[in-house]
Amino acid sequence: MLDLLAGARLTPTQRRIAHCLVERGGAAAALSSAEVAELAGVSQPSVTRFAIALGFPGYPALRRALRDVGGGPADDLREDNAIQRAITAEAEHLGRLREQLGSLDAVRKAADLLVASRPLPVLGLRAAAPLAGYFGYFASKVHPDVRVWDTGGTSLLDRLDQARVAGAGAMLALVLPRYPRESLEVVKEAKGMGYAVVAITDSAVSPVAEDAEVVLPAAVGTRLVFDLHTGPMAMAMVVLQAMCDADPEPVQRRLEEFEAAATRRQLFQG
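The rules we used
Residues numbered from 1 in each chain as written. Predicted model: local features only at pLDDT ≥ 70, side-chain atom pairs only at ≥ 80, totals over all residues. Heavy atoms only, no water. Helix = DSSP H or I, 4+ residues; strand = E, 2+ residues; numbered from the N terminus. Contact = heavy atoms within 4.5 Å. Areas by Shrake-Rupley, 256 points an atom, 1.4 Å probe, with all protein chains shown as cover. Lys, Arg positive; Asp, Glu negative; His and termini not counted. Charge placed at Lys NZ, Arg CZ, Asp CG, Glu CD. Axes fitted to C-alpha atoms, helices over the stretch in contact; angles between N-to-C directions. Parallel < 35°, antiparallel > 145°, perpendicular 65-115°, else oblique. Left-handed = near helix turned anticlockwise from the far one by under 90°. Nonpolar A, V, L, I, M, F, W, Y, C, P; charged D, E, K, R; others polar. Buried < 20%, exposed > 50% of the residue type's maximum accessible area, 1.4 Å probe, protein only. Polar contact = N/O pair within 3.5 Å; in protein donor to acceptor, adjacent residues only side chain to side chain. Phe/Tyr/Trp six-rings, centres within 6.5 Å; stacked < 30°, edge-to-face > 60°.

Enquirer: Hey, could you go over the overall build of the protein chain for me, with residue numbers and the actual values?
Expert: A count of helices and strands for the protein chain gives 13 helices and five strands. By principal-axis analysis of the C-alpha atoms, the protein chain measures approximately 65 × 45 × 35 Å. Here the contacts in the protein chain between residues at least 6 apart in sequence split such that 69% fall between residues at least 24 apart. Approximately 13700 Å² of the protein chain is accessible, and the part contributed by carbon and sulfur atoms is 52%. Each charge class in the protein chain can be summarised by its mean position, and for the 29 positive and 32 negative side chains these summaries are 4 Å apart.

In structure tokens, the structure reads:
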């Protein structure tokens with residue numbers, strides 16, 4: 001079953017169906033679409049759409065394919081449950097990211113662009129919003145003017161104009177599946193205005209890649225109902241580390257100033 005799912009971009013509802021089938025191993029091939037729907041807690045048309053998303057004309061064709069492949073890894077790894085397999089897959093993603101970072105040329109180029117931008121806009125909408133906030137929280141400790149844009153709307157383009165007038169030369173764009181249309185439009189507009197866009201996304205062929213000057217791919221986990229963003233978060237922190245390394249003296253001074261202020265204001269417990 002896992003082979004059939006490889007490379008498929010599924011909605012949260014479709015992932016519930018996939019998990020239901022994977023958990024049942026070889027027995028999944030005996031289930032009707034109505035039975036799958038009931039077990040997964042979805043509608044029967046959702047099961048049909050799931051089969052189509054995997055490239056089959058309908059559920060009967062998917063069922064035949066399940067009979068052909070048998071239980072597959074789910075039968076061989078009964079000691080691992082679905083959650084454990086999801087974490088294993090995430091560890092594999094991080095392993096590939098480690099190999100990718102054997103060359104830091106792209107990361108250093110990104111860091112140089114971002115460090116030099118005053119202000120520094122950080123774009124992250126929908127699923128990427130928490131990651132934009134996380135990056136922005138720490139980046140603000142070493143960069144004098146970080147502007148996190150984590151909500152959409154027409155005012156977003158106004159903010160893009162304002163940052164450019166204020167001197168921004170680069171923007172960090174966090175664009176994750178399912179690739180919000182608004183994020184892609186803002187990135188395209190930013191490129192047209194002369195911004196150098198650094199994109200952290202899930203793949204080198206992500207839709208944002210064509211308008212980005214630097215693309216830093218980090219795979220997204222898809223084994224759970226909602227994506228795991230461990231890889232993109234790690235990449236964001238790698239970029240921030242590279243920014244610190246690119247301008248060490250001002251960074252150290254700002255960090256010391258923050259620590260002094262935090263101590264004076266008693267921001268943290270013990």
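Next comes the rest of the description.
Enquirer: Please provide a residue-by-residue account of the packing of helix α8 (residues 105-116) against helix α12 (residues 230-246), values included.
Expert: The interhelical angle for the contact between α8 and α12, taken along N-to-C directions, is 65°, at an axis separation of 8 Å. When the axis of α8 is compared with that of α12, the two are roughly perpendicular. In the packing of α8 onto α12, the handedness of the crossing is right-handed. Contact with α8, carried on its side by Val107, Ala111, Asp112, Leu114 and Val115, involves Met235, Val238, Val239, Ala242, Met243 and Ala246 of α12 and no other residues of that element. In terms of residue class, the contact of α8 with α12 is made up of 10 nonpolar, no polar and one charged.

Enquirer: If you had to explain the side chain of Ser46 to someone new, which residues and values would you point to?
Expert: Within the secondary structure, Ser46 is located in helix α4 (residues 44-53). Judged by its relative accessible area of 10%, Ser46 falls in the buried class. Side chain to side chain, Ser46 and Ser43 meet in a polar contact 2.9 Å long. Polar contacts involving the side chain of Ser46 include one to the side chain of Arg49, which spans 3.2 Å. Apart from the residues lying within four places of it in its own chain, the contact partners of Ser46 are Thr13 and Ile17.

Enquirer: With reference to specific residues and values, describe the packing of aromatic side chains.
Expert: Enumeration according to the criterion identifies two aromatic pairs in this entry. Judged by centre distance (4.9 Å) and plane angle (85°), the ring pair of Tyr137 and Phe138 falls under edge-to-face. For Tyr137, a relative accessible area of 44% corresponds to the partly exposed category. The exposure class of Phe138 is partly exposed, given its relative accessible area of 30%. Grouping aromatic residues by their ring pairs yields a cluster made of Tyr134, Tyr137 and Phe138.

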